[in-house]
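# Examining the three-dimensional arrangement
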Amino acid sequence: MSNVTITNHPLIEHKLSILRDVHTNPTVFRHLVNELGALLCYEATRDLPLCPVEVQTPLSMTTAYEMKESIALIPILRAGLGMVEGIWDLIPNAHVFHIGFYRNEKTLQPVEYYNKLPKDHPFNISFILDPMLATGGSAIATTNIVKKWGAQTIKFVGIIGAPEGIKALQEAHPDVDIHLAAIDDHLNDKGYIVPGLGDAGDRQFGTVF
Ligand code: PRP
Ligand code: URA
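Read on for a plain summary of the structure. Everything numeric in this text was worked out from a predicted model, so none of it was measured.

Calculation notes
- Residues numbered from 1 in each chain as written.
- Chains lettered and ligands numbered in written order.
- Predicted model: local features only at pLDDT ≥ 70, side-chain atom pairs only at ≥ 80, totals over all residues.
- Heavy atoms only, no water.
- Core = buried A, V, L, I, M, F, W, Y, C linked by side-chain atoms within 4.5 Å.
- Buried < 20%, exposed > 50% of the residue type's maximum accessible area, 1.4 Å probe, protein only.
- Helix = DSSP H or I, 4+ residues; strand = E, 2+ residues; numbered from the N terminus.
- Contact = heavy atoms within 4.5 Å.
- Expected span 1.5 Å × (residues − 1).
- Polar contact = N/O pair within 3.5 Å; in protein donor to acceptor, adjacent residues only side chain to side chain.
- Phe/Tyr/Trp six-rings, centres within 6.5 Å; stacked < 30°, edge-to-face > 60°.
- Lys NZ or Arg CZ within 6 Å of the ring centre and 35° of its normal.
- 1 Å grid on protein atoms, 1.4 Å probe; cavity = no way out; pocket = protein on both sides within 12 Å on 5 of 7 lines; lining within 4 Å.
- Points joined across faces, edges and corners; volume = space filled by probe spheres on them.
- Nonpolar A, V, L, I, M, F, W, Y, C, P; charged D, E, K, R; others polar.
- Near = heavy atom within 4 Å.
- Areas by Shrake-Rupley, 256 points an atom, 1.4 Å probe, with all protein chains shown as cover.
- Sits in = over half its atoms within 2 Å of the grid points.

Quick look at the nonpolar core now. The tendency in soluble globular proteins is for nonpolar side chains to be buried side by side. Judged by nonpolar contacts, the single largest core of 34 residues is most densely connected at L19, F127, L129 and I159. Of all the elements in the fold, those that place two or more residues in this core are α1 (10-20), α2 (26-44), β4 (71-77), α3 (84-90) and β8 (125-129). Those residues in contact with L19 that sit more than four places away from it in its chain are F29, L32, V33, L36, I159, L197 and R203.

Attention now goes to α2. A rise of 1.5 Å per residue sets the reference length of α2, with its 19 residues, at 27 Å; its end C-alpha atoms lie 26 Å apart and thus fit the reference within 8%. Those residues of α2 lying buried are F29, L32, V33, L36, G37, A38, L40, C41 and A44. Regarding α2, its N-cap is N25, as a side-chain oxygen of that residue lies 3.0 Å from the backbone nitrogen of T27 further along.

This next bit is on the packing of aromatic side chains. Overall, the coordinates contain four aromatic pairs when judged by the stated rule. Members of the aromatic cluster, connected to one another through ring pairs, are F97, F123 and W149. Its end group placed over the ring of Y192, R103 keeps NZ or CZ at 5.6 Å from the ring centre.

Let's shift gears to the layout of surface pockets. As a volume, the largest pocket reaches approximately 700 Å³. For the largest pocket, the lining is made up of 28 residues, of which Y102, R103, Y192, D199 and G201 are closest to its centre. Looking at the lining of the largest pocket residue by residue, the class counts come to 14 nonpolar, seven polar and seven charged. For the second largest pocket, the calculated volume is near 240 Å³.

We now examine unusual backbone geometry. Here the bond from L77 into R78 is cis, since omega is -5°, no more than 30 degrees from zero. Cis geometry is adopted by the peptide bond preceding P195, which originates at V194 and carries an omega value of 0°. Take P195: it is sitting in the loop between β15 (193-194) and α6 (200-205). Phi is positive for L108, close to 65°, though the residue is something other than glycine. Here L108 falls in the buried class, since its relative accessible area comes to 19%.

What follows covers the site of ligand 1. Taken together, 15 residues sit near ligand 1, with R78, R103, D130, T135 and S138 positioned nearest. In the model, an oxygen atom of ligand 1 is placed 2.8 Å from a nitrogen or oxygen of the R78 side chain. When the free accessible area of ligand 1 is taken as 490 Å², the share hidden by the protein chains comes to 91%. According to the grid-proximity analysis, the pocket containing ligand 1 is the largest pocket. Of all elements in the fold, only β6 (99-103), β9 (132-133) and α4 (137-149) reach the threshold of two or more residues within the shell around ligand 1. Grouping the amino acids of the shell around ligand 1 by side-chain chemistry returns six nonpolar, five polar and four charged.

Structure follows, in structure tokens:
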């Protein structure tokens, strides 16, 4: 079964409390999603392999260590977009590929609307990004696509997960590690995470009135 890592560092807890607040405006909300993405990425990349490299400092030669892995960042549109920049700043060599899903409001099933992955998959690690893991449908469907593309090591990085979505993703893809800032209580009858933060896409892009 895949590992679930909850990174509950004080900085993350503090930012998450502002993110959850219904009065937080889209500008601040976007900023926080970006920062939380970077903080969670720090933990999600902890086990990346390093290669020794000889470096000349101003004082002497030394052995230092570099990340050589080629990394794909795969945000699930729309809400996953907000997690890209912060992570990309930390891993500037990463490549970004977008997958578009929206949830059918009645069935809660993910509906695919954007996928332009290239033919080849030359990456060692793929990070699927989406702040919300609710029923798990979008994450599972995206992982299906990314595996079919050729990815072998995949990690899901989100902000809030519902127990139902975590279980579903673990059962469907036991090899995909899950990184979150919090596990919330439950899903309501509309498939929203409670207490959650509402609709992460709408709150980032100001499309809730
Ligand atoms: C939200 C969220 C996830 C999905 C999670 O997207 O960003 O992609 O729901 O729910 P699930 O785990 O039940 O699939 P939404 O469909 O609202 O689209 P949006 O990001 O464009 O707002
Ligand atoms: N998608 C969201 O944006 N929020 C939820 O609570 C569930 C799905």
